[in-house]
There are 2 protein chains.
Amino acid sequence: MSCKHIGKQSISFKSPPSVSGAANVVGKKESDGPLGKSFDCVSENSLFGEKTWEKAESAMQQRALELALKKAGLSEDLLDCVFAGDLLNQCTASSFALRGKNIPMFGIYGACSTMGEGLSLAAVSVDGGFADNAAVVVSSHFCTAERQFRTPLEYGGQRTPTAQWTVTGSGAVILSSAGNGPYITNVTTGRVVDRGITDINNMGAAMAPAAYDTLMAHFEDTGRSPSYYDLIATGDLGREGHEILLELFRQGGIENMTNLTDCGMLIYDREKQDVHSGGSGCGCSASVLSAYLLERMRHGEIKRLLFAPTGALLSQVSCQQGESIPGICHAVAFSAELTPEEH
Amino acid sequence: MSCKHIGKQSISFKSPPSVSGAANVVGKKESDGPLGKSFDCVSENSLFGEKTWEKAESAMQQRALELALKKAGLSEDLLDCVFAGDLLNQCTASSFALRGKNIPMFGIYGACSTMGEGLSLAAVSVDGGFADNAAVVVSSHFCTAERQFRTPLEYGGQRTPTAQWTVTGSGAVILSSAGNGPYITNVTTGRVVDRGITDINNMGAAMAPAAYDTLMAHFEDTGRSPSYYDLIATGDLGREGHEILLELFRQGGIENMTNLTDCGMLIYDREKQDVHSGGSGCGCSASVLSAYLLERMRHGEIKRLLFAPTGALLSQVSCQQGESIPGICHAVAFSAELTPEEH
């Protein structure tokens, strides 16, 4: 047995997989934000040379995966499998991105937590010896998401203060059995948590309890305290959800979560970019992880990172039928270096 | 390393996971078919005591998982993770089925191939030592699928001869590190294959090339010939897709595929039940596998089974935008007994 599960929800890797390549592709609004200079590829018109936004989203995934492979110095043939997901009905951004490619594909769905889910499964595949190189690629697109989940863009609907802005972006990460890190040392897999939130314009409130559930499980399973990490980054709670998560920690007796941030807060300038509570979408945490967080690890600015993207598991139909909004959060622990026993 | 990947797309398990429990729940039409007596639980009105078909689909998943756990003699607490998927937008049948349950959940999407994808990932988790017990649960529902993909039921639209009938059903399978089999010895993960089919009423034609691609990869990677298996069961090609797959094998020089069948052909009586080409949906292969194929293995009627469910990776939007229909197929090899070297 090469590895083991610990506690109820967590896994500890015996041979922690290494990030051999990570890349991202975003739209203009994202490139105008505080992390603008960090992104690998930007499309000025959100179409990436395609005729529809849906095709554009697939093109983003293809480009992100190509760039990640290039950074890893790997050809497509050396990828043993890819885990891919998005927010579109039937995950078509991913299926069409991988159409005709010679890569075994696992389709995954975790709403905006999909990069966390994919990294967990890719790490399991690599650490277990089932793959030497496994990729994760996810995406979201403001225009496809508005069309599908909300109203036609032309309608120009007003947004409430707690609403978030779906990131136009794709991130790809390649994990390999050999490499110089950053390494994935542990993962904690989320449960479906629903605290009865029904406001579809307040996803942060719906997802914050799931983040709290998974993070507390992670600390309990691993025996690590929050301060073990230089940074804990949730996926796309936004300002509203972030404040709720801080309050949940306070109620749980954990006061000083000064190392807690959120990718949805990092990607846009809240004052200047009219995004209300912040960014959201699979592409939010995926692009911030690949462009910013992993780069900070590579530059030695962060040694230990806990990446915990969250997803709201609703659909238009579930809302119309009066259901509340379930959430999920998958946590992935990165370390810049390995301890002697992890080597 | 506890296990290894072989060839481009396949995995061979060193400690083949054992099926410790499998169960299913279906609707009345399925119980009226040739396999009617094999199913564990039947709802006469397709609502399973719920107010909407979507809630009914979630209830089916919950019931199938409960029954599978019962058969395995396991409590929910002993499940290390569950892989769950369905055909609904944003996979809500699965998310709502697992809401509030104390089980780490991975959402997956492989259209009607989802049971194959889930079994592959669950087997990887168990063989790799990441889980002692991992579950897979998937579902489809005729009424939710018609509403979402086609036309309102009240519309009473005519069906073309190549059309299939979405199975109202859910299947759950639990894999464990210890047990008496049947065992999963190998899996072959599919690529996204698109041969340009655009007729949304002929899914069999769209998926047959994916089945051929994965089955041929399986034979090449494992060195096994088709005759190695007592039975090869695709997921839901239906009569039309089955004939196309046979023709593809003939063109590839393989004539005598007398051991090839299809779950979509097995579940309904084509003459009496007005299903045209046969059954489809995640619940088709999942219920036929759990109710019929695995039972035949337990009774010694089949020693070696290759289960190869197929999925059509389209959405309403992709069709409306003129895209053809990509397909995928995931193959899972079951063996009633292990050879000495597999023990």
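What you see is a predicted model; the values in this text were computed from it and never measured. Positions within a chain are numbered from 1, following the residues in the order the chain's sequence is written. The order in which chains are written sets their letters, starting at A; the order in which ligands are written sets their numbers, starting at 1. Confidence filtering applies because this is a predicted model: local features only for residues at pLDDT of at least 70, side-chain atom pairs given and counted only at 80 or more, and all residues used for totals across whole chains, interfaces and linings. By convention in this description, side-chain values take in all heavy atoms of the structure and omit both hydrogens and water.

> Just checking my understanding: could you explain the interface of chain B and chain A for this structure?
Quite often, the size of an interface is put as the accessible area lost when its parts meet. Taken together, the contacts link 66 residues of chain B with 66 residues of chain A. Of the roughly 5,300 Å² buried between chain B and chain A, counting both surfaces, carbon and sulfur atoms make up 58%. By buried area we mean the combined loss of accessible area, with a 1.4 Å probe, across both parts when two parts are placed together. In terms of surface lost to chain A, no three residues of chain B exceed Lys 8, Gln 90 and Phe 130 of chain B, which account for 16% of the buried area on that side. Criterion for a salt bridge: a side-chain nitrogen of Lys or Arg within 4 Å of a carboxyl oxygen of Asp or Glu. At the boundary of chain B with chain A, the tally comes to six salt bridges. Lys 55 of chain A serves as the salt-bridge partner of Glu 323 of chain B, at 2.8 Å between the closest nitrogen and oxygen. Helix numbering and strand numbering both begin at the N terminus, where a helix is a DSSP run of H or I of at least 4 residues and a strand a DSSP run of E of at least 2. Secondary structure elements with two or more residues in the side of chain B that touches chain A: strand E1 (3-6), strand E2 (10-13), helix H2 (53-72), helix H3 (92-97), strand E6 (105-107), helix H4 (114-127), helix H5 (142-149) and helix H10 (316-320) of chain B. A class-by-class count of the residues in the side of chain B that touches chain A yields 28 nonpolar, 22 polar and 16 charged. Contacts are residue-level and defined by heavy atoms, with any inter-residue pair within 4.5 Å sufficient. Any residue that is not Ala, Val, Leu, Ile, Met, Phe, Trp, Tyr, Cys, Pro, Asp, Glu, Lys or Arg is counted as polar, Gly included; the first ten are nonpolar and the last four charged.

> Looking at this structure, I do not really get the side chain of Glu 146 of chain A. What am I missing?
Looking at the element boundaries, Glu 146 of chain A is found in helix H5 (residues 142-149). Since its relative accessible area comes to 7%, Glu 146 of chain A is described here as buried. Think of it in three bands: with a 1.4 Å probe and only protein chains considered, a residue is buried below 20% of the maximum accessible area for its type, exposed above 50%, and partly exposed in between.

> Whenever I open this one, the nonpolar core confuses me. Can you help?
Nonpolar side chains in soluble globular proteins generally cluster together in the buried interior. Here, the term nonpolar core denotes a set of buried Ala, Val, Leu, Ile, Met, Phe, Trp, Tyr and Cys residues that are joined through side-chain atoms within 4.5 Å. Counting residues in hydrophobic clusters, the biggest one holds 172 residues, and the most contacted among them are Leu 119, Leu 289 and Phe 334 of chain A together with Leu 119, Leu 289 and Phe 334 of chain B. If near-sequence neighbours (up to four positions away) are discounted, Leu 119 of chain B is found in contact with Val 136, Val 173, Leu 175, Ile 184, Leu 289, Phe 307, Val 332 and Phe 334 of chain B. The next biggest cluster of nonpolar side chains, apart from the first, holds 27 residues, and it includes Met 203, Ala 206, Leu 246 and Cys 329 of chain B.

> In this structure, what is going on with the relation of the copies chain B and chain A? I would like to understand it.
To go from the first copy of the chain to the second, apply a rotation about an axis and then a shift along the same axis. Of the transformation superimposing chain B on chain A, the axial component is 0.0 Å and the angular component is 180°, with the fit at an RMSD of 0.0 Å. The transformation relating the two chain copies, once decomposed into turn and shift, fits a two-fold axis. Nearest to the rotation axis, the C-alpha of Ile 108 of chain B is located 2.1 Å from it, this being the minimum over chain B. Residues reaching a pLDDT of at least 70 in both copies supply the C-alpha atoms on which the copies are superposed by least squares.

> Please explain unusual backbone geometry as it appears in this structure.
Glycine aside, residues mostly have negative phi, and peptide bonds are mostly found in the trans state. With an omega of 0°, the peptide bond between Gly 181 of chain A and Pro 182 of chain A qualifies as cis. Relative to the assigned elements, Pro 182 of chain A resides in the loop between strand E9 (169-176) and strand E10 (183-188). Within the chain, Phe 48 of chain B stands out as a residue other than glycine whose phi angle is a positive 50°. Secondary-structure assignment places Phe 48 of chain B in the loop between strand E4 (41-43) and H2. The exposure class of Phe 48 of chain B is buried, given its relative accessible area of 19%. The phi dihedral of Gln 90 of chain B is positive, around 60°, even though this residue is not glycine. Mapped onto the fold, Gln 90 of chain B is located in the loop between strand E5 (81-85) and H3. For Gln 90 of chain B, a relative accessible area of 3% corresponds to the buried category.

Purely geometric stuff here, so don't read any function into it on its own.
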